[in-house]
Amino acid sequence: GAGVSQSPRYKVAKRGQDVALRCDPISGHVSLFWYQQALGQGPEFLTYFQNEAQLDKSGLPSDRFFAERPEGSVSTLKIQRTQQEDSAVYLCASSLASGFQETQYFGPGTRLLVL
Amino acid sequence: GQQLNQSPQSMFIQEGEDVSMNCTSSSIFNTWLWYKQEPGEGPVLLIALYKAGELTSNGRLTAQFGITRKDSFLNISASIPSDVGIYFCAGHSGGSGGSNYKLTFGKGTLLTVNP
């Protein structure tokens, strides 16, 4: 079956522009995660959804970052008024259920470059 | 937040050589996971460890969950060119502030294999 897909794969934005990044998780996966990966670093947790409920948004860097998953499937990460420090790879992951023994499957990421 | 110290940062080896990398934490982890990331892709899970002292193999890969629950290592035997990539340790931290869903990643080990 299909894995996690993300779009766009690449995005170039001018500073101050709003962007929206999409994640299509594996069908039937309850849990969905967003991570931010800066160049040369490991992924860092941003936010977590269980179905449509956003249970943890402690990793979002500022109030310019907003994520939603209105129907418990597709998720969108929105960044308002982008800044150069927002340049990174944004990874989405999904898992069948919650719990530390559930494997998180990652998408290929969206590479965001803010000029 | 939680931090994982992963070493070495990079390795350049000859095909056929064995490789060892490790990860340490200042706090207890409930799980230790090892991921591989190739250019332009998201991390792919290689091995998952859930019990202190656990030793698990996946083909030429072997990983162990440290007895103290604060460290893990990954060994790759008889390396081949397709082993090239960035290897990340990751885990779910226990104790105060920990979670059973949020993954903390190390900074990665870049492995280059010379044919």
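Since we're looking at a predicted model, the values are computed, not measured. (Residues numbered from 1 in each chain as written. Chains lettered and ligands numbered in written order. Predicted model: local features only at pLDDT ≥ 70, side-chain atom pairs only at ≥ 80, totals over all residues. Heavy atoms only, no water.)

## Let's talk about the overall build of chain A
Stage number 1. Per the secondary structure count, chain A includes 0 helices and 11 strands.
Stage number 2. Start at the N end of chain A and walk to the C end: the helices and strands fall as β-β-β-β-β-β-β-β-β-β-β.
Stage number 3. Expressed as a percentage of its 115 residues, the buried residues of chain A come to 47%.
Stage number 4. Total accessible area on chain A stands at roughly 5600 Å², and carbon and sulfur atoms take up 48% of it.
Stage number 5. Each charge sign in chain A was given a centre, from 11 positive and 11 negative side chains, and these centres are 9 Å apart. (Helix = DSSP H or I, 4+ residues; strand = E, 2+ residues; numbered from the N terminus. Buried < 20%, exposed > 50% of the residue type's maximum accessible area, 1.4 Å probe, protein only. Areas by Shrake-Rupley, 256 points an atom, 1.4 Å probe, with all protein chains shown as cover. Lys, Arg positive; Asp, Glu negative; His and termini not counted. Charge placed at Lys NZ, Arg CZ, Asp CG, Glu CD.)

## Remarks on the overall build of chain B
Stage number 1. Along chain B, the regular secondary structure elements total 0 helices and 11 strands.
Stage number 2. Taking 2.2 N^0.38 as the reference for a compact globule, 115 residues should give roughly 13 Å; the C-alpha atoms of chain B span a radius of gyration of 14 Å, in line with that estimate.
Stage number 3. Taken along its principal axes, the extent of the C-alpha atoms in chain B is 45 × 30 × 20 Å.
Stage number 4. Relative to its full complement of 115 residues, chain B shows a buried share of 44%.
Stage number 5. Only carbon and sulfur atoms are counted for the fraction: they give 50% of the accessible area of chain B, which is about 5300 Å². (Rg over C-alpha atoms; globule rule 2.2 N^0.38 Å.)

## Topic: the interface of chain B and chain A
Stage number 1. Across the boundary between the two partners, chain B contributes 18 residues, which contact 22 residues of chain A.
Stage number 2. Run the count over chain B and chain A and you get 6 residue pairs in polar contact (both at pLDDT 80 or more).
Stage number 3. Class assignment of the residues belonging to the side of chain B that touches chain A gives a composition of 8 nonpolar, 7 polar and 3 charged. (Contact = heavy atoms within 4.5 Å. Polar contact = N/O pair within 3.5 Å; in protein donor to acceptor, adjacent residues only side chain to side chain. Nonpolar A, V, L, I, M, F, W, Y, C, P; charged D, E, K, R; others polar.)

## Quick word on the sheet that holds strand E3 (residues 19–24) of chain A
Residue and element names in this part refer to chain A.
Stage number 1. What the 4 strands build is an open sheet, ordered E1-E3-E8-E7; its pairing is antiparallel. Of all the strands in the sheet, the pair left with one neighbour each is strand E1 (5–7) and strand E7 (65–68). Going from strand to strand, the sheet's axes swing by 15° on average, the running direction of each strand aside.
Stage number 2. By the bridge criterion, 3 bridges tie E1 to E3 in an arrangement that is antiparallel. Bridging across to E3, Ser5 finds its partner in Asp24. (Pairing = 2+ DSSP bridges. Axes fitted to C-alpha atoms, helices over the stretch in contact; angles between N-to-C directions.)

## Some thoughts on the sheet that holds strand E3 (residues 19–25) of chain B
All names here are of chain B.
Stage number 1. The 5 strands are arranged E1-E3-E8-E7-E6 in an open sheet whose pairing can be described as antiparallel. The open sheet has two edge strands, strand E1 (4–7) and strand E6 (55–58), and neither has a second partner. In this sheet, neighbouring strand axes are inclined to one another by 15° on average, regardless of whether the strands run parallel or antiparallel.
Stage number 2. Bridge analysis of strand E7 (residues 61–65) against strand E8 (residues 71–76) gives 5 bridges, and the strand direction is antiparallel. Each residue of the ladder has a partner; that of Ala63, found in E8, is Leu74.

## Considering the state of the cysteines
Residue and element names in this part refer to chain A.
Stage number 1. Under the defined criterion, the tally for this structure stands at 2 disulfides over all chains.
Stage number 2. Note on cysteine connectivity: Cys23 is disulfide-linked to Cys92, with sulfurs 1.8 Å apart. Around the S-S axis, the bridge from Cys23 to Cys92 shows a dihedral of about -65° and counts as left-handed. With Cys23 in strand E3 and Cys92 in strand E9 (residues 88–95), the pair connects residues that are 69 residues apart, well separated along the chain. (Disulfide = S-S within 2.5 Å.)

## Considering unusual backbone geometry
Stage number 1. Residue Ser7 of chain A is joined to Pro8 of chain A through a cis peptide bond whose omega torsion reads -10°.
Stage number 2. Counting through the fold element by element, Pro8 of chain A comes out in the loop between E1 and strand E2 (10–13).
Stage number 3. Phi at Arg69 of chain B takes a positive value of approximately 65°, unusual for a residue other than glycine.
Stage number 4. Within the fold, Arg69 of chain B resides in the loop between E7 and E8.
Stage number 5. The phi torsion at Ala78 of chain B lies on the positive side, around 45°, for a residue other than glycine.

## Digging into the nonpolar core
Soluble globular proteins tend to pack their nonpolar side chains together in the buried interior.
Stage number 1. Counting residues in each nonpolar core, the largest one holds 21 residues, and the members touching the most others are Trp32, Leu74 and Leu111 of chain B.
Stage number 2. Listing elements by their share of this core, those giving two or more residues are strand E2 (10–14), E3, strand E4 (32–37), strand E5 (44–49), E7, E8, strand E9 (85–91) and strand E11 (109–114) of chain B.
Stage number 3. Not counting the four nearest positions on each side in its chain, Leu111 of chain B is found in contact with Met11, Ile13, Val19, Ile76, Asp83, Val84, Gly85 and Tyr87 of chain B.
Stage number 4. Formed by 20 residues, the second largest nonpolar core is a distinct cluster that contains Ala13, Ile26, Leu46 and Val114 of chain A. (Core = buried A, V, L, I, M, F, W, Y, C linked by side-chain atoms within 4.5 Å.)

So yeah, pure geometry; function would need other evidence.
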